[in-house]
Amino acid sequence: MTTEIHFRNLEQYGFGPNVMKKMKICHKCGQVAKKGSFFCRSCGAFLTRETLYDHYRRQHGCCVGCGTVLTADAKFCPHCGLPVHRMNQQHGQTE
């Protein structure tokens, strides 16, 4: 399955990195908002510029090649096959 088809299938069901890049989550009430929103429609709280995708990438290890989330013990990206040690070296980390 190609990357384009894989992501398109995820997006059909409201998941995937491209969907996450288009939304924010209110830190106060948890309401979903569009990327361009500045205030939460539910509680009125100010929304940061950070999208759900930005937050998720900050919290989890992701492949630098394709953005797939990685498990802590992954040696290769399950989606594109890029070696994890290579990714860590690109980020200035050593194993």
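To start, this report covers the structure provided alongside it. (Residues numbered from 1 in each chain as written. Predicted model: local features only at pLDDT ≥ 70, side-chain atom pairs only at ≥ 80, totals over all residues. Heavy atoms only, no water.)

**Quick word on the overall build of the protein**
To keep it simple, the criterion reads: Helix numbers and strand numbers start at the N terminus; a helix is a DSSP run of H or I with at least 4 residues, a strand a run of E with at least 2. Only protein chains enter the accessibility calculation, which uses a 1.4 Å probe; a residue is then buried when its area is under 20% of its type maximum, exposed when over 50%, and partly exposed in between. Pairs of residues are marked as contacts when any of their non-hydrogen atoms sit within 4.5 Å. Residue exposure ignores everything except the shown protein chains as possible cover, and the areas themselves are Shrake-Rupley values with a 1.4 Å probe.
Per the secondary structure count, the protein includes 4 helices and 2 strands. When each of the 95 residues of the protein is scored for burial, the buried share is 27%. Pairs at least 24 apart in sequence give 20% of the contacts found in the protein among residues at least 6 apart. Summing over all exposed atoms, the protein offers an accessible surface of approximately 7100 Å²; the carbon and sulfur share of this is 54%.

**Side note on a nonpolar patch on the surface**
As a reminder, the rule being used: The patches described consist of residues with a relative accessible area above 30% and no salt bridge, like charges being joined within 9 Å and nonpolar side chains (Val, Leu, Ile, Met, Phe, Trp, Tyr) within 5 Å. Here, a salt bridge means any Lys or Arg side-chain nitrogen found within 4 Å of an Asp or Glu carboxyl oxygen.
On the surface, Phe38, Phe39 and Phe46 cluster together into a nonpolar patch covering about 380 Å² of accessible area. Considering the arrangement of structural elements, one finds Phe46 in the loop between β2 (32-34) and α3 (52-59).

**Let's talk about the nonpolar core**
We count it as follows: As used in this record, nonpolar core signifies buried Ala, Val, Leu, Ile, Met, Phe, Trp, Tyr and Cys residues forming a set joined through side-chain atoms within 4.5 Å.
If you look at the biggest cluster of nonpolar residues, it comprises 7 residues: Cys63, Cys66, Leu70, Ala74, Cys77, Leu82 and Val84. Ala33, Cys40, Ala45 and Leu47 belong to the second-largest nonpolar core, a separate cluster that totals 5 residues.

**What about the side chain of Lys24?**
We count it as follows: The charge count treats Lys and Arg as positive and Asp and Glu as negative. His and the chain ends do not count. We define a polar contact as two N or O atoms separated by no more than 3.5 Å, with the added condition that, inside protein, one atom must be a possible hydrogen donor and the other a possible acceptor, whereas residues neighbouring each other in sequence contribute only through side-chain atom pairs.
Relative to the elements of secondary structure, Lys24 occurs in strand β1 (residues 23-25). One buried charge, Lys24, has no salt-bridge partner; the nearest side chain with opposite charge is Asp54, at 8.5 Å. A polar atom in the side chain of Lys24 sits 3.1 Å from the backbone oxygen of Lys35. Here the side chain of Lys24 touches Thr48 through a polar contact of 2.9 Å, landing on its backbone oxygen. For Lys24, the residues in contact, after removing those within four places along its chain, are Gln31, Val32, Ala33, Lys34, Lys35, Ser37, Leu47, Thr48, Arg49, Glu50, Thr51 and Leu52.

**With respect to the packing of aromatic side chains**
Which entries qualify depends on this criterion: Aromatic rings from Phe, Tyr and Trp, with only the six-membered ring used for Trp, were paired whenever their centres fell within 6.5 Å, and each pair was classed as stacked if the ring planes differed by under 30 degrees, edge-to-face if by over 60, and tilted otherwise. For a Lys NZ or an Arg CZ to count as sitting over a ring, it must be within 6 Å of the ring centre and within 35 degrees of the ring normal.
Overall, the coordinates contain 1 aromatic pair when judged by the stated rule. Here the aromatic rings of Phe39 and Phe46 are separated by 5.8 Å at their centres, their planes lie at 75 degrees, and the arrangement is edge-to-face. Since its relative accessible area comes to 51%, Phe39 is described here as exposed. One residue, Lys21, lies across the ring of Tyr53, its end atom 4.8 Å from the ring centre.

**Thoughts on the environment of Thr68**
By secondary structure assignment, the location of Thr68 is in the loop between α3 and α4 (84-90). Separated by 10 residues in the primary sequence, Thr68 and Pro78 have C-alpha atoms spaced 7.8 Å apart. The contact partners of Thr68, leaving out residues within four places of it in the chain, are Gly61, Cys62, Cys63, Cys77, Pro78 and His79.

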